Amino acid sequence: IAGITQAPTSQILAAGRRMTLRCTQDMRHNAMYWYRQDLGLGLRLIHYSNTAGTTGKGEVPDGYSVSRANTDDFPLTLASAVPSQTSVYFCASSEGRGYTFGSGTRLTVV
Amino acid sequence: LAKTTQPISMDSYEGQEVNITCSHNNIATNDYITWYQQFPSQGPRFIIQGYKTKVTNEVASLFIPADRKSSTLSLPRVSLSDTAVYYCLVGNYNQGGKLIFGQGTELSVKP
């Protein structure tokens, strides 16, 4: 089934640890995005990539980094996790008409 | 980037038609209006998109007045399974594509 695969589904992480959230799409969409969703705050854009080899900052980029080595993969890295990064993370892709979202990664930083 | 305003929550009963209105006063000429549906523990799902007048698909209708400063998502004869959060997004996915989600409207359908 075409779409976006995110891994892991959930994770409990100790503060200070490094973590990479994986996102892979099989639709050959040029644009990809990372959002975080927190209760009462809706979906907020962390980073985006309009095409392979390029990335940009969204609303809440601090503490996160991304890379886009190829069209299909868009990993999100937390270099040193903090409790405020506890959230549900969604990866999305787009080819000009709308977003396709993954099923999310629930991350708890303790 | 166009800012959107929607009601925080709405209640309805099964079988009723539900209309959710979104205000977007600073919509740009080349912006499209897109609505998404999100169930708990899932990512948002594309419902419908339009530019002007009326668009209809198998799930919903989207009404956009001539000035395009607002839009209305219409869900015909809702069922319990339509209970979800609905987001209105305004922008152009071909121009950087970084659209900002608003708070969304939490629709609760009761039996």
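Often, the extent of an interface is quoted as the loss of accessible area upon association of its parts. Taken together, the contacts link 20 residues of chain B with 22 residues of chain A. Where chain B meets chain A, there are zero salt bridges. Summed over the shared surface of chain B and chain A, the number is four residue pairs in polar contact (both at pLDDT 80 or more). Broken down by secondary-structure element, the contributors of at least two residues to the side of chain B that touches chain A are strand E3 (32-38), strand E4 (45-50) and strand E8 (84-91) of chain B. Each residue belonging to the side of chain B that touches chain A can be placed in one class, and the counts come to nine nonpolar, 10 polar and one charged.

Turning next to the sheet that holds strand E3 (residues 19-25) of chain A. All names here are of chain A. The strand order across the open sheet built from four strands is E1-E3-E8-E7, with neighbouring strands paired in antiparallel fashion. Looking at strand neighbours, the two that pair on one side only are strand E1 (4-7) and strand E7 (64-66), the edges of this open sheet. Neighbour to neighbour, the strand axes of the sheet diverge by 20 degrees on average, direction disregarded. As paired strands, E7 and strand E8 (residues 76-78) are joined by three bridges and run antiparallel to one another. Across the sheet, Tyr-64 pairs through a bridge with Leu-78, a residue of E8.

With that out of the way, let us pick up the side chain of B:Thr105. Residue and element names in this part refer to chain B. Residue position: Thr-105 is located in strand E9 (residues 105-110). Since its relative accessible area comes to 0%, Thr-105 is described here as buried. Side chain to side chain, Thr-105 and Gln-6 meet in a polar contact 3.0 Å long. Filtering out sequence-adjacent residues up to four positions away, Thr-105 remains in contact with Gln-6, Pro-7, Ile-8, Ser-9, Met-10, Ile-20, Ala-84, Val-85 and Tyr-86.

What follows concerns the state of the cysteines. Residues and elements named next belong to chain B. This structure, assessed with the given rule, holds two disulfides over all chains. With its sulfur 2.2 Å from that of its partner, Cys-22 forms a disulfide with Cys-88. Between Cys-22 and Cys-88, the disulfide has an S-S torsion of -75 degrees and is therefore left-handed. Of this pair, Cys-22 sits in strand E2 (residues 18-23) while Cys-88 is found in strand E8, placing the two residues 66 residues apart along the sequence. Cys-88 shares its class with Cys-22; the two are buried.

Right, let's talk about the packing of aromatic side chains for a bit. Counted according to the given criterion, the structure contains 15 aromatic pairs over all chains. Where A:Tyr35 meets A:Tyr99, the ring centres are 5.9 Å apart and the plane angle is 80 degrees; that geometry is what we call edge-to-face. With A:Tyr35 in strand E4 (residues 31-38) and A:Tyr99 in strand E10 (residues 99-101), this residue pair connects regions lying 64 residues apart in the sequence. Take A:Tyr35 and A:Tyr99: they sit in the same class, and that class is buried. With centroids separated by 5.9 Å and ring planes inclined at 55 degrees, the aromatic side chains of B:Tyr36 and B:Phe101 adopt a geometry described as tilted. Residue B:Tyr36 is located in strand E3, and its partner B:Phe101 is located in the loop between E8 and E9; the two are separated by 65 residues in the primary sequence. Looking at B:Tyr36, the relative accessible area reads 0%, which means it is buried. Judged by its relative accessible area of 6%, B:Phe101 is buried. One aromatic cluster is present, formed by A:Tyr33, A:Tyr35, A:Phe90, A:Tyr99, A:Phe101, B:Tyr36, B:Phe46, B:Tyr87 and B:Phe101 through successive ring pairs.

Rules used in this analysis
- In this numbering scheme, every chain counts its residues from 1 along its sequence in written order.
- A letter from A marks each chain and a number from 1 marks each ligand, given out in the order of writing.
- Given that this is a predicted model, residues contribute local features only at a pLDDT of at least 70 and side-chain atom pairs are listed and counted only at 80 or more, while totals for whole chains, interfaces and linings are drawn from all residues.
- Derived side-chain values reflect all non-hydrogen atoms in the structure, with water molecules and hydrogen atoms excluded from consideration.
- Whether two residues are in contact is decided by their heavy atoms, any of which lying within 4.5 Å being enough.
- Think of a salt bridge as a Lys or Arg side-chain nitrogen and an Asp or Glu carboxyl oxygen that are within 4 Å of each other.
- Two N or O atoms form a polar contact when they lie within 3.5 Å of each other; inside protein one atom must be a possible hydrogen donor and the other a possible acceptor, and for residues adjacent in sequence the pair counts only when both atoms belong to side chains.
- Only runs of H or I of at least four residues qualify as helices and only runs of E of at least two qualify as strands under DSSP, and these elements are numbered from the N terminus.
- The residue classification treats Ala, Val, Leu, Ile, Met, Phe, Trp, Tyr, Cys and Pro as nonpolar and Asp, Glu, Lys and Arg as charged. All others, Gly included, are polar.
- DSSP-based pairing: two strands are paired if at least 2 bridges between them are found.
- Note on geometry: axes are C-alpha line fits, over the in-contact stretch for helices, and angles between N-to-C directions span 0 to 180 degrees.
- Per-residue accessibility, obtained with a 1.4 Å probe over protein chains only, is compared with the maximum for each type, and a residue is labelled buried under 20%, exposed over 50%, and partly exposed between these values.
- Any pair of cysteine sulfurs within 2.5 Å is marked as a disulfide.
- Between the rings of Phe, Tyr and Trp (Trp by its six-membered ring), a pair exists once the centres lie within 6.5 Å; its type follows the angle of the planes, with under 30 degrees stacked, over 60 edge-to-face, and the other angles tilted.

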